[in-house]
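The residues making up each chain are set out below.
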Amino acid sequence: MHKTDILIRPLKPSDIADIMQLHRELGWNPAFKADGSTLKQRLEALITGENALLLVAELKGKVVGYIHGEIVTYLLFAGREMLVSELFVRENVRGRGVGKALLSTIESEAVNQKCFRISVLNSRERESYKRGFYPSLGYEERTHTANFTKRLDWG
């Protein structure tokens, strides 16, 4: 596969079913309703979000992956950051440059949006972490920063 075989473009409402199927293949988030309505509502809202960037990767006319980035403004820094919270590629096309093409496109958009850096959330349990996907593209894992989370029950 050549990089030119991969088309990266903004997510459209007609892509939502494909993204939902990709999530099913990866395993639903426990917070999602079984019918997928939660994910569908989030995607519909993000498509028009001012600071959200949702891109899909197409291969031979089929959606094979997507990336979700959000522009975050911090008070402590002189600029904005592009936070990539999700980058998923269908298992059968991993290792063929799809993830790299998605990440490269969102990096370009971060530069266009005057972001001072880009950061990525990645679980140490994911295959991409174990094979060093992000470091191979120049990303450095923070050793001095802890990422804490607290689950909030809002009903």
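Residues numbered from 1 in each chain as written. Predicted model: local features only at pLDDT ≥ 70, side-chain atom pairs only at ≥ 80, totals over all residues. Heavy atoms only, no water.

Regarding the sheet that holds strand β1 (residues 6–10)
Strand order in the open sheet formed by five strands is β1-β2-β3-β4-β5, with mixed pairing between adjacent strands. Each edge of the sheet is formed by a strand with only one pairing partner; in this case those strands are β1 and β5 (115–120). Averaged over all pairs of adjacent strands, the angle between their axes in this sheet comes to 25 degrees, without regard to strand direction. Where strand β2 (residues 52–59) lies against strand β3 (residues 62–73), eight bridges are found, and the strand directions are antiparallel. Across the sheet, residue Leu53 finds its bridge partner in β3, namely Gly69. (Pairing = 2+ DSSP bridges. Helix = DSSP H or I, 4+ residues; strand = E, 2+ residues; numbered from the N terminus. Axes fitted to C-alpha atoms, helices over the stretch in contact; angles between N-to-C directions.)

Description of the packing of aromatic side chains
Counted according to the given criterion, the structure contains five aromatic pairs. Note on Tyr66 and Phe88: the rings are 5.8 Å apart at their centroids and 55 degrees apart in plane angle, and the pair reads as tilted. Here Phe88 lies in strand β4 (residues 80–89) and Tyr66 lies in strand β3, a separation of 22 residues in the sequence. Residue Tyr66 is classed as buried on the basis of its relative accessible area, which comes to 1%. On the basis of relative accessibility, which here comes to 16%, the residue Phe88 falls in the buried class. Three or more aromatic residues joined by ring pairs form one cluster here, namely Tyr74, Phe77 and Phe116. The cationic tip of Arg117 hangs over the ring face of Phe77; the distance from NZ or CZ to the ring centre is 4.8 Å. (Phe/Tyr/Trp six-rings, centres within 6.5 Å; stacked < 30°, edge-to-face > 60°. Buried < 20%, exposed > 50% of the residue type's maximum accessible area, 1.4 Å probe, protein only. Lys NZ or Arg CZ within 6 Å of the ring centre and 35° of its normal.)

Some details on the side chain of Arg9
Of note, Arg9 is situated in strand β1. Among the residues examined, Arg9 registers a relative accessible area of 13% and is labelled buried. Separated by 2.7 Å, the side chains of Arg9 and Asp15 make a polar contact. Apart from residues lying up to four places away in sequence, Arg9 is in contact with Asp15, Leu54, Leu55, Val56, Glu58 and Val63. (Polar contact = N/O pair within 3.5 Å; in protein donor to acceptor, adjacent residues only side chain to side chain. Contact = heavy atoms within 4.5 Å.)

Notes on helix α1 (residues 16–26)
At 3.6 residues per turn, the α-helix brings residues three or four places apart onto the same side. If you check which residues of α1 are buried, you get Ile16, Ile19, Met20, Leu22 and His23. Viewed end-on, α1 has its buried residues packed into an arc of 155 degrees, placing them on one side of the element. Contact partners of the buried residues in α1: α2 (37–47), β2, β3 and β4. Following α1 by one or two positions, Gly27 adopts a phi angle in the positive range, close to 100 degrees. (Arc of directions from axis to C-beta.)

Quick notes on the pattern of salt bridges
Scanning all chains against the criterion turns up seven salt bridges. Residues Glu127 and Arg131 are paired through a salt bridge, measuring 2.7 Å at the closest nitrogen-oxygen approach. The class of Arg131 is partly exposed, set by a relative accessible area of 44%. Taken together, the salt bridges that share partners define one network made up of Arg9, Asp15 and Glu58. (Salt bridge = Lys/Arg side-chain N within 4 Å of Asp/Glu carboxyl O.)

Quick word on the nonpolar core
Within the largest apolar cluster, 24 residues are counted, with the highest numbers of intra-cluster contacts made by Ile67, Met82, Val84, Val98, Leu102, Leu103 and Ile106. Breaking this core down by element, the ones donating at least two residues are β2, β3, β4, α3 (98–112), β5 and α5 (133–136). Ignoring any residue separated from it by four or fewer positions in sequence, one finds Val98 in contact with Ile6, Ala57, Val64, Val89 and Val93. Counting residues in hydrophobic clusters, the runner-up holds twelve residues, among them Ile16, Met20, Leu43 and Val56. (Core = buried A, V, L, I, M, F, W, Y, C linked by side-chain atoms within 4.5 Å.)

Functional significance is not addressed by these values, which are geometric in nature.
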